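Below are the chains, spelled out letter by letter.
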Amino acid sequence: MTTLAIDIGGTKLAAALIDDDLQIRERREMPTPASKTPDALRAALKALVEPVMASAHQVAIASTGIIREGTLVSINPHNLGGLLHFPLVQTLASITGLPAMAVNDAQAAAWAEYHAPGIDTQDMVFITVSTGVGGGVVLKGELQTGEGGLAGHLGHTLADPHGPVCGCGRRGCVEAIASGRGIAARAQGELAGLDAKAIFTHALRGHPHARELVAHSARTLARLIADVKAVTDCQTVVVGGSVGLAEGYLSQVAEFLAQEPPVYHVNLRPAFYRNDAGLLGAALLSQGAQQ
Ligand code: ADP
Ligand code: BMX
Ligand code: ZN
């Protein structure tokens, strides 16, 4: 059985063919269209999957947003150019003519990372620091998705009651501060208008304001991880996303976490499957659904 796995993020779309042995073939990427209209996303997804869909038997989608009965419902529509709703499963089934399923991107990535080599605990949490901040929680070996798909949306827990207003409508969410968009929004002076990737480049070269922006994100993430430990008692927290995996980031998170009392400490790891965790997790979940 070959699965066409698709990962829809706020910044990039990825697709690949994944066989039962979890080997990834024909991986492709393109930018996510920032448009309020569903048509733009539909057209981009069609262009993404058409060249590779012929040899697939089913579609598995990992997507940003709350996934409710196959539909993407944004909690933070700003991350998708204002897009609020998108009929994910219906759209991919009609483009490919294949059976399709969908799950939140961070929930999918959590499931892949739970199966990665070296994870020897039944309780683990995955956090992506990317366009937004997403999360996936595995407790007693079970992925928590929640009745309405909201479980694990750790980016929308409170970091600072006086912080910036988040796209979800709440003030001071972790996502508004620690995410790629949050980092970029806080940039001032010559860094204003740059994206997080460019700000990280400046930080690595020693730019003081860029270093402060990265440190503010890392400190916020460390506090979130301490809260996650208090809620779940998980032994391991895995961090992914392009910001989470950026050079020097996780080591700073670890330093800030080490300043918290020992009861809040966890094993902190970078995502084993790097930027493929969402694709692999969706494929794994769809294979499980077949059995
Ligand atoms: P998505 O949110 O679509 O899953 P990513 O995980 O790539 O995509 O996250 C996108 C965010 O990561 C953007 O804010 C981007 O500026 C930032 N980013 C991309 N590459 C890097 C990098 N090498 N270092 C730091 N930040 C990066
Ligand atoms: C947002 C939210 C989550 C998602 C997280 C990470 C939307 C559109 N997305 O908190 O569902 O898991 O971002 O998403 O409301 P990414 O785009 O950064 O990968
Ligand atoms: Zn929020």
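Worth saying up front: this structure is predicted, and the values here are computed from it rather than measured. (Residues numbered from 1 in each chain as written. Chains lettered and ligands numbered in written order. Predicted model: local features only at pLDDT ≥ 70, side-chain atom pairs only at ≥ 80, totals over all residues. Heavy atoms only, no water.)

Enquirer: Mind showing me how you'd approach the site of ligand 1 here?
Expert: Inspection of the region around ligand 1 gives 15 residues, with T11, K12, T131, K197 and S242 positioned closest. Here an oxygen atom of ligand 1 and a backbone polar atom of A196 are 3.4 Å apart. Calculation on ligand 1 without its partners gives an accessible area of 560 Å², and the protein chains cover 81% of this total. Among the secondary structure elements, those contributing two or more residues to the shell around ligand 1 are α6 (196–204) and α8 (241–244). Each residue belonging to the shell around ligand 1 can be placed in one class, and the counts come to 4 nonpolar, 8 polar and 3 charged. Both domains that meet at the shell around ligand 1, namely domain 1 (3–104 + 275–290) and domain 2 (118–271), each give it at least three residues. (Near = heavy atom within 4 Å. Polar contact = N/O pair within 3.5 Å; in protein donor to acceptor, adjacent residues only side chain to side chain. Areas by Shrake-Rupley, 256 points an atom, 1.4 Å probe, with all protein chains shown as cover. Helix = DSSP H or I, 4+ residues; strand = E, 2+ residues; numbered from the N terminus. Nonpolar A, V, L, I, M, F, W, Y, C, P; charged D, E, K, R; others polar. Domains from an automatic or database assignment.)

Enquirer: What is the right way to look at the coordination of the zinc ion (ligand 3) in this model?
Expert: Expected angles at a metal are 109.5 degrees for tetrahedral coordination by four donors and either 90 or 180 degrees for octahedral coordination by six donors. Looking at the zinc ion (ligand 3), one finds its protein donor set to be H156 (ND1), C166 (SG), C168 (SG) and C173 (SG), positioned 2.1 to 2.4 Å from the metal centre. One can describe the donor arrangement at the zinc ion (ligand 3) as tetrahedral, given that its 4 donor atoms subtend angles of 103 to 120° at the metal. Mapping the donors of the zinc ion (ligand 3) onto the primary sequence gives the spacing H-x9-C-x1-C-x4-C. Remark: C168 occurs in the loop between β11 (142–144) and α4 (174–178) and H156 occurs in the loop between β11 and α4; sequence separation between them is 12 residues. (Donors = N, O, S within 2.8 Å, 3.2 Å for Na, K, Ca; no water. Tetrahedral: all angles 85-135°; square planar, octahedral: opposite > 155°, others 65-115°.)

Enquirer: Could you clarify how one ought to interpret the domain arrangement of the protein in this entry?
Expert: What the domain assignment reports for the protein is domain 1 (3–104 + 275–290) and domain 2 (118–271). The straight-line distance from the C-alpha centre of domain 1 to that of domain 2 is 23 Å. Contacts between domain 1 and domain 2 engage 15 residues on the former and 17 residues on the latter. Across the domain 1/domain 2 interface, buried area totals approximately 1200 Å², and carbon plus sulfur atoms make up 52% of it. Along the contact surface separating domain 1 from domain 2 lie 0 salt bridges. Between domain 1 and domain 2 we count 6 residue pairs in polar contact (both at pLDDT 80 or more) in total. Looking at which element gives the most residues to the side of domain 1 that touches domain 2, the answer is strand β5 (residues 66–68), with 3 residues. Of the residues belonging to the side of domain 1 that touches domain 2, the class tally is 5 nonpolar, 8 polar and 2 charged. (Contact = heavy atoms within 4.5 Å. Buried area = accessible area lost by both parts, 1.4 Å probe. Salt bridge = Lys/Arg side-chain N within 4 Å of Asp/Glu carboxyl O.)

Enquirer: I would appreciate a short explanation of the site of ligand 2 in the present structure.
Expert: Around ligand 2 lies a shell of 19 residues, among which G65, D105, S130, H153 and E175 are the nearest. In the environment of ligand 2, an oxygen atom lies 2.8 Å from a nitrogen or oxygen atom belonging to the backbone of I75. At a separation of 2.8 Å, an oxygen atom of ligand 2 approaches a polar backbone atom of N76. Here ligand 2, which alone exposes 460 Å², has 97% of that area covered by the protein.

Enquirer: Any chance you could explain the side chain of T121 here in plain terms?
Expert: Tracing the backbone shows T121 in the loop between α3 (105–114) and β9 (124–129). T121 gets classed as buried once you look at its relative accessible area, which sits at 11%. Separated by 2.4 Å, the side chains of T121 and Q235 make a polar contact. With sequence-adjacent residues up to four places away left out, T121 is seen in contact with Y114, Q235 and T236. (Buried < 20%, exposed > 50% of the residue type's maximum accessible area, 1.4 Å probe, protein only.)

Enquirer: Any chance you could explain the packing of aromatic side chains here in plain terms?
Expert: Two aromatic rings, taken as a pair, are described by how far apart their centres are and by the angle between their planes. For the coordinates displayed, the defined rule picks out 3 aromatic pairs. For the pair F200 and Y249, a centre-to-centre distance of 6.0 Å together with 55° between the ring planes defines the contact as tilted. Pair noted here: F200 is in helix α6 and Y249 is in helix α9 (residues 249–258), with a separation of 49 residues, a long-range link. Classification of F200 as buried rests on a relative accessible area of 8%. On the accessibility criterion, Y249 (0% relative accessible area) is buried. (Phe/Tyr/Trp six-rings, centres within 6.5 Å; stacked < 30°, edge-to-face > 60°.)

Enquirer: What is the right way to look at the nonpolar core in this model?
Expert: Taken as a class, soluble globular proteins show a tendency for nonpolar side chains to be buried jointly. Within the largest apolar cluster, 37 residues are counted, with the highest numbers of intra-cluster contacts made by I127, L221 and Y249. Looking at this core, the elements that each hand over two or more residues are β9, β10 (133–139), α4, α6, α7 (208–232), β12 (236–240) and α9. No other element matches the 11 residues that α7 contributes to this core. (Core = buried A, V, L, I, M, F, W, Y, C linked by side-chain atoms within 4.5 Å.)

Enquirer: Before we go on, may I ask you to explain the packing of α6 against α7 in this structure?
Expert: Helix packing for two helices is described by the angle between their axes and how far apart those axes are. Between α6 and α7, the shortest axis-to-axis distance is 7 Å and the interhelical angle comes to 115°. Classified by chirality, the crossing of α7 by α6 is left-handed. Residues I199, F200, H202 and A203 of α6 pack against A210, R211, L213 and V214 of α7. For the contact of α6 with α7, the per-class residue count stands at 6 nonpolar, 1 polar and 1 charged. (Axes fitted to C-alpha atoms, helices over the stretch in contact; angles between N-to-C directions. Left-handed = near helix turned anticlockwise from the far one by under 90°.)

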